[in-house]
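Structural features, examined
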Amino acid sequence: MASPGEAATDDSHVGKNKKPPARYWQELPEEGEDENKDEKGGEKPLPQKDQQTQKAKKRKQPEDQRDGKNFVSGKSDPFPGPAPIPKERVQKFKRKDKAKKPRHQHFKLRDMMKRSDEASEMSQKQAARFDLLLPEDAGFLEGDEDEDTCTISQEDIAEAVDITSGAKYFNLKLSQFGPYRVDYSKTGRHLLLGGRRGHVACIDWQSKHLMCEINVMESVNDVKWLHSEAMYAVAQKKWLYIYDSNGIELHCIRKFNDVLRMQFLPYHFLLATASATSFLQYLDVSVGKEVAAFCTKTGRLDVMCQNPHNAIIHLGHPNGTVTLWSPNQKEALVKMLCHQGGVRSVTVDKTGMYMVTSGLDKKLKVYDIRAFKPLKSYFLPAGASCLSLSQRGLLSAATGDVVQVYRDVWSAPVTKPYMAHRVRGSVWGLHFCPFEDVLGVGHGDGFTSMLVPGAGEPNFDGLDANPYRSAKQRQEWEVKALLEKIQPELISLDPTELGYVDRATFEQRHRDRVQALGYDPLAKEKFVPKYKKKGRSSAGAVERRKKQVAHEDQRDEIRKTVEDKMKMEKEIKERAQKKAALSNQKSALDRFKK
């Protein structure tokens, strides 16, 4: 047995913590071994400094990369990564196809195109994800078993819905100055009424607050909101007038006389008017100037609507035709024979694909504007005097004092109306309220606000038309809209053609250029200079190298043309010399010359 002194000598701690430095020729410890364990298998106590360093490393290590697994709140995530998006929803928000990359392109252009494609793809996916978060869904009216929805009255609907929605059904009895034209603002918040006998009123119809009420003391043919609820236009008996929301007259435009119908193009700031003298006129309300004026030579123009997709004006005429007009052309873009009698009303859906017309032949026709062909034709016993299409594709048609609403008129044959309602007097104006399930009806006894479930778009774009915006937000939106105003020269039947290259014009100019130069400059591939460093690839140096190579490529053609010119000049000189030599020779007949 060892003595206490020997045991103390053997268990000395000096030099135990020190290790010789590792050398590259020595074998490394295997991966399975733990350096923190001593020879006896027990764990070595780490110094306090090493423990703090190890804890800091653990904190720095991202949670989703520990041991190659994803962790959420200390547990592994069963669904790692972003949630998948259905392809149909992504396709709904697709903006453009990926740009085709040319074979030889500058590195800056390549990076810019790549960033543009990535931003477009990211915004497309974000819009598809946020589509799930939209607060409202569109719903339609559904009856019980063996019950037609057209038999459900407005009173029953108002009692069944909540208090806020039920308050949207109301009647305004204004029998003294009717019948009335109706127009809602772009946000759907404000209502404009214009009575035939001079009564004009602006109402915040949701809060029932009367903004202004005036009598212009002459007949009113039409009323229309302008770019915001602060201004509106009134087509009176003689001239066109502009008023503000307080009823103060701002302008009297005497160039626009005998106006019957009006349409406002919100993204172009253009007010289009149709007059009894067969004139179609465009007024730029941002600067107060007349942009265009055409004489259609088709008689009285009392049927008018606009295509919201491309800002084309549709006019109905007494001879049964519908014409399409743009401020860039003095003649009609398209003339369509739609009815055997006169056209009573025209309307176009917001996608710009379908047009619905009604005529004196008591027919209601649906046309595909892309092909200018009829899709459906319906016979109404009394005909339809007014038509209006909602944001969700519901069609309202007024026959006398009855308003009927139809659903899916262009996708499937319709046998009965979706809803029906009778008003007190003949209908003179119909208009669906944007972003609300409400149909405004102007008639001889005043105004009626109908509840039409499924008519309005449930979710609005706050940057374009926000019903809840403040006065400051409206002012900022107005400034931005003026800066982004589209010029009237860009109005065309196909708005997508602005982004295309006119191949026919390019080929014709190329042929003219080849004919003028005598050779095809695009026959060979263009020379792309090699990128050099140290400032030798500046724009000027690159152009000089391009010109030098181009001159070398064209040297043969230039040499040929120069040789041909020299031959021609030589031949001309030889002919001139021959003529001179012949003229210098003396003949026997020269003696008779005086």
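Presented here is a report on the structure given in the accompanying data block. Sequence positions are assigned chain by chain, starting from 1 and proceeding in written order. In keeping with the model being predicted, local features are shown solely for residues with a pLDDT of at least 70 and side-chain atom pairs are shown and tallied solely at 80 or more, while totals for entire chains, interfaces and linings include all residues. For side-chain calculations, the full set of non-hydrogen atoms in the structure is used, while hydrogens and water are omitted.

What follows covers a nonpolar patch on the surface. Two joining distances apply to patches: 9 Å for like charges and 5 Å for nonpolar side chains (Val, Leu, Ile, Met, Phe, Trp, Tyr), and every residue must have over 30% relative accessible area and no salt bridge. For every accessible area listed, the method is Shrake-Rupley and the probe measures 1.4 Å; residues are considered covered only by the protein chains on display. Salt bridges, as used here, are contacts in which a Lys or Arg side-chain nitrogen is within 4 Å of a carboxyl oxygen on Asp or Glu. A cluster of nonpolar side chains, namely Tyr267, Ile486, Leu490 and Leu498, defines an oily patch on the protein surface of about 360 Å² accessible area. Only DSSP runs of H or I covering at least 4 residues are called helices, and only runs of E covering at least 2 are called strands; the numbering of each starts at the N terminus. As for its placement among the helices and strands, Leu490 is situated in the loop between helix 7 (471-483) and helix 8 (503-517).

Bringing the pairing of strand 10 (residues 239-244) into the picture now. Counting buried positions along strand 10 gives five out of six residues, so the element sits mostly inside the fold. Relative to strand 10, strand 9 (residues 231-236) is paired through five bridges, and the arrangement is antiparallel. Following the sheet pairing, Ala235 is matched in strand 10 by Leu240. Two strands form a pair only when DSSP identifies at least two bridges running between them. Counting the residues between successive antiparallel strands, the hairpin from strand 9 to strand 10 contains two residues. Alignment of strand 10 against strand 11 (residues 249-257), held across five bridges, turns out to be antiparallel. Of the residues in strand 11, the one forming a bridge with Tyr243 is Glu249. Exposure categories follow from relative accessible area, calculated using a 1.4 Å probe and restricted to protein chains: below 20% of the type maximum is buried, above 50% is exposed, and the middle band is partly exposed.

As enumerated under the stated definition, the model contains 17 salt bridges in all. For Asp183, the salt bridge goes to Lys224, with nearest N and O atoms at 3.6 Å. Highlighted residues: Asp183 in strand 4 (residues 180-184) and Lys224 in strand 8 (residues 220-225), separated in sequence by 41 residues. Across this residue pair, the class does not change: Asp183 and Lys224 are buried. One salt bridge in this structure joins Glu290 and Lys255, with 3.8 Å as the shortest N-O distance. Placement of the pair is Glu290 in strand 15 (residues 289-295) and Lys255 in strand 11, with a sequence separation of 35 residues.

Along the chain, Glu436 turns up in the loop between strand 28 (427-432) and strand 29 (438-443). Within 3.5 Å is the distance limit for a polar contact, defined as a pair of N or O atoms, with the added protein rule that one can donate a hydrogen and the other accept it, and that residues adjacent in sequence qualify only through two side-chain atoms. Of note is the side chain of Glu436, whose polar atom sits 2.5 Å from the side chain of Lys168. Leave out the neighbours within four places in its chain, and Glu436 touches Lys168, Trp205, Gln206, Ala455 and Gly456. Should any heavy atoms of two residues lie within 4.5 Å, those residues are counted as being in contact.

This part is about the side chain of Thr399. With respect to the element layout, Thr399 can be found in strand 25 (residues 395-399). In this structure Thr399 comes out as buried when scored by relative accessible area, which is 16%. Leave out the neighbours within four places in its chain, and Thr399 touches Ala382, Gly383 and Ala384.

Next up on the list: the packing of aromatic side chains. In this scheme Phe, Tyr and Trp rings, the latter by its six-membered ring, pair at centre separations within 6.5 Å, and the angle between planes marks the pair as stacked below 30 degrees, edge-to-face above 60, and tilted otherwise. Within the structure shown, the criterion is met by ten aromatic pairs. Residues Trp225 and Tyr232 carry aromatic rings whose centres are separated by 5.8 Å and whose planes lie at 80 degrees to one another, so their mutual orientation is edge-to-face. Pair check on accessibility: Trp225 and Tyr232 agree, each one buried. Here Phe460 and Tyr468 contribute two aromatic rings whose centre-to-centre distance is 5.8 Å and whose plane-to-plane angle is 55 degrees, an arrangement assigned as tilted. Among the aromatic residues, those joined into a ring-pair cluster are Trp225, Tyr232, Tyr241 and Tyr243. A positively charged side chain is recorded as over a ring if its NZ (Lys) or CZ (Arg) lies within 6 Å of the ring centre. The angle to the ring normal must also be within 35 degrees. A cation over an aromatic ring shows up here: Arg407 above the ring of Tyr418, its NZ or CZ 5.9 Å from the ring centre.

Another point: a negative patch on the surface. Positive charge is attributed to Lys and Arg, negative charge to Asp and Glu, and no charge count is given to His or to the chain ends. Charged side chains are reduced to one point each, which is NZ for Lys, CZ for Arg, CG for Asp and CD for Glu. Among the surface-exposed residues, Asp144, Glu145, Asp146, Glu147, Glu155, Asp156 and Glu159 lie close enough to one another that they form a single negatively charged patch. Assignment of secondary structure puts Asp156 in helix 5 (residues 154-160).

General note: in soluble globular proteins, nonpolar side chains tend to be found buried as a group. To qualify as a nonpolar core, a set must consist of buried Ala, Val, Leu, Ile, Met, Phe, Trp, Tyr and Cys residues joined through side-chain atoms within 4.5 Å. Core analysis: the largest hydrophobic core is formed by 33 residues, its most contacted members being Tyr184, Leu191, Trp205, Leu430, Leu439, Val441 and Val452. Those residues in contact with Tyr184 that sit more than four places away from it in its chain are His190, Leu191, Trp205, Trp225, His431, Phe432, Cys433, Pro434, Val438, Leu439, Gly440 and Phe447. Within the second largest apolar cluster, 30 residues are counted, among which are Leu280, Leu315, Cys338 and Ile491.

Let us now look at unusual backbone geometry. In this model, Gly178 is joined to Pro179 through a cis peptide bond whose omega is 0 degrees. Positive phi outside glycine occurs at Ala311, with the angle close to 65 degrees. Secondary-structure assignment places Ala311 in the loop between strand 16 (303-306) and strand 17 (313-316). We classify Ala311 as buried; its relative accessible area is 5%. Positive phi, normally seen in glycine, also occurs at Phe372, with a value near 55 degrees. Tracing the backbone through its elements, the reader meets Phe372 in the loop between strand 22 (363-368) and strand 23 (373-379).

Taken in spatial order, the four strands make up an open sheet running 3-30-29-28, and their pairing is antiparallel. The two strands at the open ends of the sheet, each matched to only one other strand, are strand 3 (170-173) and strand 28. Averaged over all adjacent pairs, the angle separating strand axes in this sheet is 15 degrees, with direction ignored. For strand 28 and strand 29, the ladder comprises five bridges, and the chain directions are antiparallel. Counted as the bridge partner of Val427 is His443 from strand 29. Angles shown run from 0 to 180 degrees and are taken between the N-to-C directions of axes, each axis being a line fitted to C-alpha atoms and, for helices, limited to the stretch in contact.

Across the sheet, which stays open at both edges, the four strands sit in the order 8-9-10-11 with antiparallel pairing between neighbours. If you trace the sheet from one side to the other, it starts and ends with strand 8 and strand 11, each paired once. Neighbour to neighbour, the strand axes of the sheet diverge by 20 degrees on average, direction disregarded.

Attention now moves to the pairing of strand 12 (residues 259-265). Across the seven residues that make up strand 12, a large majority, seven, are buried. In this sheet, strand 13 (residues 270-275) lies alongside strand 12 in antiparallel orientation, the contact comprising six bridges. What sits directly across from Val259, in strand 13, is Ser275. With antiparallel pairing between neighbouring strands as the criterion, strand 12 and strand 13 make up a hairpin whose turn holds four residues, including Phe269 at a positive phi of roughly 55 degrees.

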